[in-house]
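Breakdown of the fold
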Amino acid sequence: MAEPNAKLPADNTDSARGFAFALTAYLLWGFLPFFMKAVAHIPAPEVVAHRIVWSVPLAGLVLVWLGRTQELKAALSSPRMLKMATLTAALITVNWGIYVWAIGAGRAIETALGYYINPLFSIFLGAVLLKERPNPAQMVAIALAALAVAVLAFDAGGLPWVSIGLCISWGFYAFFRKTLPIGPNQGFFLEVLLLSVPAVGYIVLLEATGEGHFGDTGMTDVLLLLSCGIVTAVPLMIYANGAKLLRLSTIGIMQYIAPTMIFLIAVFVFNEPFGATKLVAFILIWAALFIYSGAMLVESRARRAAQPTPAE
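Residues numbered from 1 in each chain as written. Predicted model: local features only at pLDDT ≥ 70, side-chain atom pairs only at ≥ 80, totals over all residues. Heavy atoms only, no water.

Moving on: the overall build of the protein. For the protein, the helix and strand inventory stands at 12 helices and 0 strands. Secondary structure elements of the protein occur, N-terminal to C-terminal, as α-α-α-α-α-α-α-α-α-α-α-α. Against the compact-globule benchmark of 20 Å for 312 residues, the protein has a radius of gyration of 20 Å, which places it among compact chains. A total of 312 residues make up the protein; the buried ones form 50% of that total. Taking as baseline every contact in the protein between residues at least 6 positions apart, the subset at least 24 positions apart corresponds to 87%. Carbon together with sulfur atoms contributes 71% to the accessible area of the protein, which is approximately 14,700 Å² in total. Side-chain charges in the protein split into 19 positive and 16 negative, and the spacing between the mean points of these groups amounts to 10 Å. (Helix = DSSP H or I, 4+ residues; strand = E, 2+ residues; numbered from the N terminus. Rg over C-alpha atoms; globule rule 2.2 N^0.38 Å. Buried < 20%, exposed > 50% of the residue type's maximum accessible area, 1.4 Å probe, protein only. Contact = heavy atoms within 4.5 Å. Areas by Shrake-Rupley, 256 points an atom, 1.4 Å probe, with all protein chains shown as cover. Lys, Arg positive; Asp, Glu negative; His and termini not counted. Charge placed at Lys NZ, Arg CZ, Asp CG, Glu CD.)

This is the structure we're talking about:
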């Protein structure tokens with residue numbers, strides 16, 4: 001769930017302010033399943049449409065407040081930028097749709113698995129598309145993650161498509177999002193702005209045919225759908241401002257907070273079934289992430305140790 005355009009702080013150190021921002025964002029994402037359960041009676045496409053529409057004014061106000069509208073104006077006048085933003089917007093829409101549906105359908109454990117696999121899938125994408133060479137620890141971690149998916153597929157008689165769908169959609173979103181030479185806040189606003197046209201049209205169609213939930217089904221649904229913008233935009237923007245104040249290694253470790261919370265909520269609050277096979281799969285995933293994170297921390301410390309001191 002982490003914003004793909006995170007930047008290294010200039011002095012390559014963590015700041016308490018950045019840590020507080022990032023932690024707040026991850027905690028908000030971790031508690032998001034409770035909100036998605038509250039809107040589970042509303043079809044997922046309608047929820048996603050409202051997430052898009054009500055994110056636009058919030059994201060726009062933040063850009064105006066920060067005084068960062070110039071990049072956005074340049075992006076809107078660039079056909080190439082608009083094409084890339086349309087692609088990333090489509091990918092994030094697929095990701096949101098799978099997530100909203102899965103939580104409402106009682107498959108939160110699968111969403112946690114998908115977000116656990118995300119960083120490992122990103123390494124795989126880098127190896128395939130960018131010809132980056134994974135180190136031995138990363139190769140072992142990817143193999144363990146693949147084995148975990150195979151175990152679940154064998155037990156269920158089919159692939160865990162929720163986990164794979166979330167992982168692939170977010171992985172490619174992050175990959176293509178890096179090609180947009182625009183800040184994270186501006187990029188998010190551009191994406192929801194482009195998506196708002198079909199989203200508004202879809203909402204109007206639902207209301208015109210009496211199938212919508214924005215007014216005809218009570219004030220509770222109206223408030224829940226209005227809140228979709230808050231639960232979507234606020235964590236993303238808080239995170240975007242925290243990530244640039246943290247090292248990538250710190251972000252890499254913190255990204256497990258949200259899926260861990262989702263996993264615990266799914267098992268102990270939503271009471272989703274968690275048998276021996278899923279336990280084996282998650283043990284494999286946790287082992288993979290332990291190996292991956294350990295290697296990442298070792299590399300980060302080695303790079304810092306190799307950097308010359310100011311006196312040098």
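We now examine the environment of Gly18. Mapped onto the elements, Gly18 comes out in helix H1 (residues 16-38). Residues Gly18 and Leu180, 162 residues apart in the sequence, show an inter-C-alpha distance of 23 Å. When sequence neighbours within four positions are dropped, the list of residues in contact with Gly18 reads Gly242, Leu245 and Leu246.

Let us now look at the packing of aromatic side chains. Going through the model one piece at a time under the given rule, you end up with 19 aromatic pairs. Centroid distance Phe274 to Phe282: 5.7 Å. Interplanar angle 70°. Geometry classified as edge-to-face. Phe274 sits in the partly exposed class, given a relative accessible area of 26%. Through pairs of rings, three or more aromatic residues link up here, namely Tyr116, Phe263, Phe274, Phe282 and Trp286. Sitting over the face of the ring of Phe270, Lys37 holds its NZ or CZ atom 4.9 Å from the ring centroid. (Phe/Tyr/Trp six-rings, centres within 6.5 Å; stacked < 30°, edge-to-face > 60°. Lys NZ or Arg CZ within 6 Å of the ring centre and 35° of its normal.)

Positioned with a positive phi, Asn271 is a non-glycine residue whose angle comes to about 55°. Within the element layout of this structure, Asn271 appears in the loop between helix H11 (257-268) and helix H12 (276-306). Since its relative accessible area comes to 59%, Asn271 is described here as exposed.

The UniProt entry lists residues 18-152 under the feature "domain: EamA" (unreviewed entry), expressed in the numbering used here. Secondary structure within residues 18-152 divides into 86% helix and 0% strand; the distance between the first and last C-alpha atoms comes to 37 Å. (UniProt positions renumbered as here; feature names shortened; annotations may be inferred.)

The subject of this paragraph is the nonpolar core. Residues Phe35, Met36, Tyr99, Leu120, Phe188, Tyr239 and Ile285 are the most contacted members of the largest nonpolar core, which totals 92 residues. Here this core gets 12 residues from one element, more than from any other, and that element is helix H4 (residues 79-104). (Core = buried A, V, L, I, M, F, W, Y, C linked by side-chain atoms within 4.5 Å.)

Here we come to the environment of Trp29. Checked against the element boundaries, Trp29 lands in helix H1. Judged by its relative accessible area of 6%, Trp29 is buried. Sequence-wise, Trp29 and Val62 are 33 residues apart; in three dimensions their C-alpha atoms are separated by 20 Å.

Attention now moves to the pattern of salt bridges. Counted under the stated rule, the structure contains 2 salt bridges. Between Glu110 and Arg107 there is a salt bridge, with its nearest N and O atoms 2.9 Å apart. Look at Arg107 and you get partly exposed, because its relative accessible area is 24%. As a salt-bridge pair, Arg177 and Glu191 come within 3.3 Å of each other at their nearest N and O atoms. Remark: Glu191 occurs in helix H8 (residues 184-208) and Arg177 occurs in helix H7 (residues 161-177); sequence separation between them is 14 residues. (Salt bridge = Lys/Arg side-chain N within 4 Å of Asp/Glu carboxyl O.)

Moving on: a nonpolar patch on the surface. A cluster of nonpolar side chains, contributed by Leu27, Phe31, Phe34, Leu264, Phe268 and Val269, occupies part of the molecular surface with about 580 Å² of accessible area. It is H1 that contributes the most residues to the nonpolar patch, 3 residues altogether. Take Phe268: it is sitting in helix H11. (Patch = residues over 30% accessible without salt bridge, like charges linked within 9 Å, V, L, I, M, F, W, Y side chains within 5 Å.)

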